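An overview of the molecular structure
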Amino acid sequence: MIRMNSKLIMAVFGLLTLLSLMGLLTLGDVSLGWADYTQAMSQPESIAGQIIWQIRLPRNLCAFGVGAMLGVAGAIAQGYFRNPLAEPGIMGVSAGAGLGAAIAIVLGLGLTPWAVEVSALLFSGLVSLIILGFVARFPDRQTLILLGVGLSSLCGALMALVFNLSPSPVTTAEILGWMMGSVENRSWADAGLAVLGLGVAALMIPALGKGLRLLTLGEETARSMGVNLRRVAAMSVVCISVLAGLSVAVAGVVGFVGLAAPHFVRALGVKDPYSLIWPSAFAGGFMVLMADSAIRLLPTSNDIRLGVLTSLVGAPLFVLLAWKSARVWVGGNQ
Amino acid sequence: MIDVNSVSVRIGQTLAVDRLTTRLDSGKLYGVIGPNGSGKTTLLKALAGLLPYEGDIRIADASLGDMPLSERAAKTGYLPQERMVAWNLSAREIVELGLMGRAVSERAALAEAMLERVGLGGHAETGVFNLSGGQRARVLLARLMATQCPVMLLDEPLAALDPAWQRQVLRLLKQLAADGHTVVVSLHDLGLAVQMCDEVLVLNHGHLVVQGAPEAVIGPEVLREVFGLSGVLHEGHLWVDAEPVGLG
């Protein structure tokens, strides 16, 4: 099996991403020639310039940014919960963001600039506050997982109610479209939200390093070595919430990436829960970028939604990975 | 050196340690022995600052309860009974977790030296999931030893080890004590406690029944009253009848 360290993984995915970003600027409904690219570089306000700078590049950057946020959130979730099945949605924040977006759409705000995004963020923030309230009293991971299951179920039920009360099939279709994820027609401002999320994470992650690493040996060992579990829990919740909430606000629900990206990094040789956080960002970003490119390349009459494709492609790969790793996991903690 | 003054610890409604007073000196290996539920693990956790307690615990004259987390971690190392490891880190990476205060450049060499001491020098890059239970226990012991804390608390470190490694680990702990550490270890094997420990603390129902040199304190009465065994200590060896006697 290939073994790479975290810096090499980031370098490889970073290079692949850079090459892909450049290549993907040529991908779109309008075919551009060399003269158009030259014009786009020298005259950003030209039609070719607007296609490159206002449509293709923001879309590609949003795809990478959303994947990167989900990869980081997934890696932190798995590290904190010490559970390979943990993913950014484990605490119900993604479900809360989805509910917020659905409510905004059903209230007729779908076309109002930023309304859906802000509503998604408000609801994910509300769910996060509930979780943080619990963390203050019960910082153990089992309580958080149970709470997350409860909040996800509640948001799911409220989402069903929103569908139930939806005024028209068009509105229902609009909500469904949002729930299936997309980075189509995203702007620089959306890409900025992804940068904001990753920036917040970059500020907080160094303080999580010792805690996530020592939690590998269990809570008692971590505490005996000076880890403040309440602080680690609160910081993990904030990080996961910000990243998951913003990713839903930018692109709707893009499943599977947060779960799979850390596992792909592990398969490449990085097992330490802290060291794999940023490589997971690159892996997740690359995954979503490739998925979004595939959507544009696939010859279908209706665009396949991003979240559908990430799950369709990622799930079989993940099953293969799980199959290969099964012996190690099963033998791991007997 | 640890001073424990009238310490009580409650686990739920149960008084797991009851007004326990003792003094544990540097340079000695202490064995904490007693039947299941006697309070051994609770006492070790309280000494590690992991459980709230009444009374006073002082480490080198500083109150454990008033210590910041970092100072407490620098003074006390703790090896829990549970050997769960969440991720398949290599043996070296696990030991390096005990060296987080050291320069990154030093860690790998120190970790490998510790692994040598527990007989796993050739397994530094092996994932812990690929090690046997006994080997994993030794990796975790190496992680604790790497911390070089003045006080080391080990909860049943011999579980899962074969007889030869049980003795070898106690020799390592005795060496740590000889180097000036205070080493406190909970044990179930009375024979090993007698042969290897400088002193034993006999616990029963949360009380410290007796403390002292094993030959002096483990007599027929303690064996009968505390462990429900009929036997004697003779020339450093414990002779116990096959049938336990009732505690009454």
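The preceding data block contains the structure.
What comes next concerns the included structure.

1. With respect to the overall build of chain B
From N to C terminus, chain B includes 9 helices and 12 strands. By the compact-globule yardstick of 18 Å for 248 residues, chain B fits well, its C-alpha radius of gyration being 18 Å. Across its three principal axes, chain B shows a C-alpha extent of roughly 55 × 40 × 35 Å. Looking at chain B residue by residue over its 248 residues, the buried ones come to 55%. Contacts spanning at least 24 positions in sequence make up 62% of the contacts within chain B whose residues lie at least 6 apart. In the structure as shown, chain B presents an accessible area of about 10300 Å², 50% of it carried by carbon and sulfur atoms. Counting 21 positive and 28 negative side-chain charges, chain B places the centres of these two groups 3 Å from one another.

2. Focus: helix H3 (residues 47-81) of chain A
Residue and element names in this part refer to chain A. For H3, with 35 residues, the first-to-last C-alpha span of 49 Å sits near the 51 Å given by 1.5 Å per residue. The sharpest bend along H3 reaches about 30° and sits at Leu-57, with the proline Pro-58 one to four residues further on. For H3, the buried fraction is high: 29 of the 35 residues fall into the buried class. Arg-82 lies just past H3 and shows a positive phi near 50°.

3. Structural notes on the environment of Ile2(B)
Residue and element names in this part refer to chain B. By secondary structure assignment, the location of Ile-2 is in strand E1 (residues 2-11). For Ile-2, a relative accessible area of 1% corresponds to the buried category. Sequence spacing of Ile-2 and Arg-23 is 21 residues, and the spatial spacing of their C-alpha atoms is 5.7 Å. When neighbours within four sequence positions are excluded, Ile-2 is seen to be in contact with Thr-22, Arg-23, Leu-24, Leu-47, Ile-57, Arg-58, Ile-59, Val-151 and Thr-182.

4. Topic: the packing of aromatic side chains
A complete count under the given rule lists 5 aromatic pairs over all chains for this structure. Ring centres of Phe64(A) and Phe282(A) lie 6.3 Å apart, and the angle between their planes is 70°; on these two criteria the pair is classed as edge-to-face. Of this pair, Phe64(A) sits in helix H3 while Phe282(A) sits in helix H12 (residues 277-297); the two residues are 218 residues apart in sequence, bridging distant segments of the chain. Judged by its relative accessible area of 18%, Phe64(A) falls in the buried class. When the ring centre of Trp87(B) is taken as reference, the NZ or CZ atom of Arg266(A) above it lies at 4.2 Å.

5. Considerations on the packing of helix H4 (residues 93-106) of chain A against helix H6 (residues 141-164) of chain A
When two helices pack together, their arrangement is given by the angle between their axes and by how far apart the axes lie. All names here are of chain A. Two elements in contact, H4 and H6, have axes whose closest approach is 9 Å; the angle formed by their N-to-C orientations is 15°. One finds that H4 runs roughly parallel with respect to H6. Of the two elements, H4 crosses H6, and the hand of that crossing is left-handed. Packed against H4, whose contacting residues are Ala-95, Gly-96, Gly-98, Leu-99, Ala-102, Ile-103 and Val-106, the element H6 presents Ser-152, Cys-155, Leu-158, Met-159 and Val-162 at the interface. Residue composition of the contact of H4 with H6, grouped by class: 9 nonpolar, 3 polar and no charged.

6. A look at unusual backbone geometry
Residue and element names in this part refer to chain B. Although it is not a glycine, Gln-148 sits at a positive phi angle of roughly 55°. Its location among the elements puts Gln-148 in the loop between helix H5 (133-147) and strand E7 (151-155). We classify Gln-148 as partly exposed; its relative accessible area is 37%. Non-glycine residue Glu-156 carries a positive phi angle of around 45°.

7. Quick look at the interface of chain B and chain A
Opposite the 26 residues of chain B that make contact, chain A presents 27 residues. Of the roughly 2400 Å² buried between chain B and chain A on both sides combined, carbon and sulfur atoms contribute 62%. By the criterion of area lost to chain A, the three top residues of chain B are Trp87(B), Leu97(B) and Phe129(B), representing 29% of everything that side buries. With a closest N to O distance of 2.5 Å, Lys45(B) and Glu220(A) form a salt bridge. Joining chain B to chain A, the criterion identifies 4 residue pairs in polar contact (both at pLDDT 80 or more). Of all elements in the fold, only helix H2 (69-75), strand E6 (76-79), helix H3 (91-96) and H5 of chain B reach the threshold of two or more residues within the side of chain B that touches chain A. Among the elements that make up the side of chain B that touches chain A, the one with the highest residue count is H5(B) (4 residues).

8. Quick word on the side chain of Ser124(A)
Along the chain, Ser124(A) turns up in helix H5 (residues 115-137). Setting aside chain neighbours within four positions, we find Ser124(A) in contact with Val93(A), Gly96(A), Ala97(A) and Gly245(A).

9. As for the sheet that holds strand E10 (residues 207-212) of chain B
Backbone hydrogen bonds hold the strands of a sheet together, and the pairing may be parallel or antiparallel. All names here are of chain B. An order of E6-E7-E8-E3-E9-E10 is seen for the 6 strands of this open sheet, with the pairing classed as mixed. At either end of the open sheet lies a strand with only one pairing partner, and these are E6 and E10. Recorded for the sheet is a direction-independent mean angle of 15° between the axes of neighbouring strands. In terms of strand pairing, strand E9 (residues 199-204) meets E10 through 5 bridges, oriented antiparallel. What sits directly across from Val-200, in E10, is Gly-212. Packing of helix H9 (residues 220-227) onto the sheet brings it into contact with strand E3 (29-33), E9 and E10, and relative to E9 it is tilted by some 35°.

Cut-offs used in this document
- Residues numbered from 1 in each chain as written.
- Chains lettered and ligands numbered in written order.
- Predicted model: local features only at pLDDT ≥ 70, side-chain atom pairs only at ≥ 80, totals over all residues.
- Heavy atoms only, no water.
- Helix = DSSP H or I, 4+ residues; strand = E, 2+ residues; numbered from the N terminus.
- Rg over C-alpha atoms; globule rule 2.2 N^0.38 Å.
- Buried < 20%, exposed > 50% of the residue type's maximum accessible area, 1.4 Å probe, protein only.
- Contact = heavy atoms within 4.5 Å.
- Areas by Shrake-Rupley, 256 points an atom, 1.4 Å probe, with all protein chains shown as cover.
- Lys, Arg positive; Asp, Glu negative; His and termini not counted.
- Charge placed at Lys NZ, Arg CZ, Asp CG, Glu CD.
- Expected span 1.5 Å × (residues − 1).
- Bend = angle between axes of the 7 residues up to and from the residue.
- Phe/Tyr/Trp six-rings, centres within 6.5 Å; stacked < 30°, edge-to-face > 60°.
- Lys NZ or Arg CZ within 6 Å of the ring centre and 35° of its normal.
- Axes fitted to C-alpha atoms, helices over the stretch in contact; angles between N-to-C directions.
- Parallel < 35°, antiparallel > 145°, perpendicular 65-115°, else oblique.
- Left-handed = near helix turned anticlockwise from the far one by under 90°.
- Nonpolar A, V, L, I, M, F, W, Y, C, P; charged D, E, K, R; others polar.
- Buried area = accessible area lost by both parts, 1.4 Å probe.
- Salt bridge = Lys/Arg side-chain N within 4 Å of Asp/Glu carboxyl O.
- Polar contact = N/O pair within 3.5 Å; in protein donor to acceptor, adjacent residues only side chain to side chain.
- Pairing = 2+ DSSP bridges.

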